Amino acid sequence: MSYAKLVSALARANSTNVNKMLVSPGRYRSTVASAKSQEERSQLEGCAVVEAEPVELISHTEAPPKARRSHVKVDFDNTQEAYKSKGNIELLRSLLVFRLCAIDVLVEKNKELMELTKKLFGQRIFEKMMKMTFYGQFVAGEDHNAIKPLIRKNRAFGVGAVLDYSVEEDLTQEEAEKKEMDSCVSEAERESPDADQREKKYKAHRQFGDRRGGVISARTYFYADEAKCDTQMETFLNCIKASGGASADGFSAIKMTALGRPQFLLQFSEVLVKWRRFFNFLAAQQGKSEMMLLEQKLELDELKESLAKMGLGAKDDIGNWFSGEKLGLSGAIDLLDWNSLINNTTKISNLLMVPNLKTGQLEPLLKTFTAEEESQMKRMLQRVDILANHAVEHGVRLMVDAEQTYFQPAISRLTLEMQRKFNREKPIIFNTYQCYLKEAYDNVTMDIELSRREGWYFGAKLVRGAYMYQERDRAKEIGYEDPINPDYEATNRMYHKCLEYVLEEIDNSRKANVMVASHNEDTVKFTLEKMNEMGLSPTENKVYFGQLLGMCDQISFPLGQAGFPVYKYVPYGPVNEVIPYLSRRAQENRGFMKGSQRERSLLWRELKRRLLSGQVVYRPSY
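Residues numbered from 1 in each chain as written. Predicted model: local features only at pLDDT ≥ 70, side-chain atom pairs only at ≥ 80, totals over all residues. Heavy atoms only, no water.

Chemist: Give me the overall build of the protein chain: which residues, what numbers.
Modeler: When its secondary structure is counted, the protein chain shows 24 helices and 12 strands. Buried residues in the protein chain amount to 61% of all 622 residues. In the structure as shown, the protein chain presents an accessible area of about 24600 Å², 51% of it carried by carbon and sulfur atoms. (Helix = DSSP H or I, 4+ residues; strand = E, 2+ residues; numbered from the N terminus. Buried < 20%, exposed > 50% of the residue type's maximum accessible area, 1.4 Å probe, protein only. Areas by Shrake-Rupley, 256 points an atom, 1.4 Å probe, with all protein chains shown as cover.)

Right, here's the structure in full:
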């Protein structure tokens, strides 16, 4: 059964003429998992990922023999190894910056203090002071050429780079809220009496229009117009090109909200969620609602009976909808089969059809879409495709960053479509999973199962999450279920559960790759233990590690020198233009910096060791 056939049948039953729908090449499937898995929330954990060595295509059923070997051990207490790439001045700068970030009044008033410093000392001295402190700690340089020495030095010590041009628009809260409301509410929605039927979670709300609030170290883009989206796409293209030129294993990250009007992400997310609920509704009718997601299989005869009772057509006709090459051959339909019913046809706006559980009819999410809105949707998909093709051309892996939960179902679905297209021979496209979400494990297991069935390479970056406080406040204020796990310990359990599942997939098939993007030393040690148990060598380039530039060097560099693929997320851009980024980094990392006593103590230990051993002047040799 195709989505187009179902649209047609439901439309006839509802006496409404509905055209077929479209979305980019390939079928679309939802990753909006039900909230059955329970586990935690936390602060952001790095960002990075990189291209693995090309490997021979291996079937899932025939895993290669495992090369058992001696365990690889990494000492995270050896300060001489951890900081051998840093001069004494760099160690002192780190200590100073971490200490300043732990002082509340300095962090709270950082923007005002930076403006005052600029007025008192002038632009040139201000920039020098910034490069000696915050900018020098967290930003690599002003442009592609300025960052090359740092990238070369880190690479010499086994640490790669993920480039990110970190210029942000310096908007007031009022300006951000206005841009968000203008870009997330369509003309049809403003005029339609049916707009109130939209789900609260997937509607724009002015009090949460400034998406920068309560965010942990994540860049935020606000829609201005299509020209601005083209400019941002060009920025991503330049980063991809620079990543490819910086090393043979480059990696670049993108955000979907930078590439188009976010109203489409909101609307498509709501559609995907409602289709998932329709499946759950049918599963409940067959007494299978308590099963795990992938165990819920709708018996085909019962499903045809249910759909016939809803007035969708004769039972025999409905049976023909499930007579595809693979669909329904087992006599049952699971959630992945169900998701495949949404395929590509001709008109994007007709994708935004949702099932009404009361009537059993398909209804448009909104009654009409303007021609311009239709065009905006298409252009977002075109930009994504251009970036993916550019990544392939330059030998760079492309990671799609996770965003807020009201955008994420659509973002994950579009990312899966890119994986289907570009991950046939090796993992090029990586999806990001935020493990502070209750649904994280369901999403990971569903997507891995899809990759198995269709034979493409699964690529994931695991983070704890960037939007916890904002998500919690929004859910409570607007009135929907909190999507975040109840506490930090639950998030840790969720992270390790998802990670272990991906590692097992790597162990079984060698067709999955994962980036462990974490500043948590226990998580890194957990990963190393599992890799040792599985005999998974770091040189296979299946498991990567990532941390932010200027943070957790005691994790990154020992890993790199032990032969593990590890990467620093490397922001760059002109001093004045990255001030909004630095300001938020100071505020958002305040809690982390206060708790970074271990990192500060290691820095002090190494500095004392050098001074006592006569290394008053220490220059890294590489």
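Chemist: Which residues make up the pairing of strand 2 (residues 251-254), and what values do they have?
Modeler: Every second residue of strand 2 is oriented toward a common face, with Phe251 and Ala253 on one face and Ser252 and Ile254 on the other, all of them buried. Sheet topology places strand 2 next to strand 7 (residues 397-400); 4 bridges connect them, and they run parallel. Within strand 7, the residue paired with isoleucine 254 across the bridge is valine 400. (Pairing = 2+ DSSP bridges.)

Chemist: Which residues make up helix 16 (residues 408-422), and what values go with them?
Modeler: In a regular helix each residue adds 1.5 Å, so 15 residues correspond to 21 Å; helix 16 covers 21 Å between its end C-alpha atoms and thus fits that length. In terms of residue burial, helix 16 counts as a mostly covered element, since 14 of its 15 residues are buried. (Expected span 1.5 Å × (residues − 1).)

Chemist: So what's going on with unusual backbone geometry? Which residues, and what values?
Modeler: The backbone phi angle of asparagine 541 is positive, close to 55°, even though this residue is not glycine. Summarising the element assignment, asparagine 541 is placed in the loop between helix 20 (521-534) and strand 11 (543-548). We note that cysteine 552 has phi near 55°; this positive angle belongs to a residue other than glycine. Structurally, cysteine 552 is set in the loop between strand 11 and helix 21 (553-561).

Chemist: Explain the confidence of the model for the protein chain to me, using residue names and the numbers behind them.
Modeler: Reading fine detail from the predicted coordinates is not recommended where pLDDT is low. Of the residues in the protein chain, 77% have a pLDDT of 70 or more, and the chain-wide mean is 81. Below a pLDDT of 50 lies the segment residues 1-65, which in the model reaches 268 contacts outside its immediate sequence neighbourhood of four places, other chains included. (pLDDT = per-residue confidence, 0-100. Contact = heavy atoms within 4.5 Å.)

Chemist: Let's hear about a nonpolar patch on the surface: which residues, and what values?
Modeler: On the surface, a nonpolar cluster with roughly 690 Å² of combined accessible area is contributed by Val105, Leu106, Leu113, Leu116, Leu120, Phe121, Ile125 and Met129. Within the residue set of the nonpolar patch, elements represented by two or more residues are helix 4 (104-108) and helix 5 (110-132). Looking at which element gives the most residues to the nonpolar patch, the answer is helix 5, with 6 residues. By secondary structure assignment, the location of leucine 116 is in helix 5. (Patch = residues over 30% accessible without salt bridge, like charges linked within 9 Å, V, L, I, M, F, W, Y side chains within 5 Å. Salt bridge = Lys/Arg side-chain N within 4 Å of Asp/Glu carboxyl O.)

Chemist: Before we move on, could you go through the nonpolar core and cite the residues and values that matter?
Modeler: One finds Met256, Leu265, Leu387, Met418 and Ile429 to be the most contacted residues of the largest nonpolar core, which totals 39 residues. Of all the secondary structure elements, the ones that give two or more residues to this core are helix 8 (173-184), helix 10 (226-246), helix 11 (263-285), helix 15 (371-393), strand 7 and helix 16. The dominant element in this core, judged by the number of residues it contributes, is helix 15, at 7 residues. For leucine 387, the contacting residues outside a window of four places in its chain are Met233, Phe236, Leu237, Ile240, Ile254, Leu259 and Leu398. (Core = buried A, V, L, I, M, F, W, Y, C linked by side-chain atoms within 4.5 Å.)

Chemist: Kindly report on the packing of aromatic side chains, identifying the contributing residues and their values.
Modeler: Across all of its chains, the model carries 11 aromatic pairs by this definition. Residues phenylalanine 278 and phenylalanine 281 carry aromatic rings whose centres are separated by 6.4 Å and whose planes lie at 20° to one another, so their mutual orientation is stacked. Of the two residues, phenylalanine 278 and phenylalanine 281 both sit in helix 11, 3 residues apart, roughly one turn of that helix. Grouping aromatic residues by their ring pairs yields a cluster made of Trp275, Phe278 and Phe281. The lysine or arginine in question, arginine 474, covers the ring of tyrosine 406, its NZ or CZ lying 3.8 Å from the ring centre. The ring of tyrosine 457 has lysine 511 lying over it, and the distance from NZ or CZ to the ring centre is 4.9 Å. (Phe/Tyr/Trp six-rings, centres within 6.5 Å; stacked < 30°, edge-to-face > 60°. Lys NZ or Arg CZ within 6 Å of the ring centre and 35° of its normal.)

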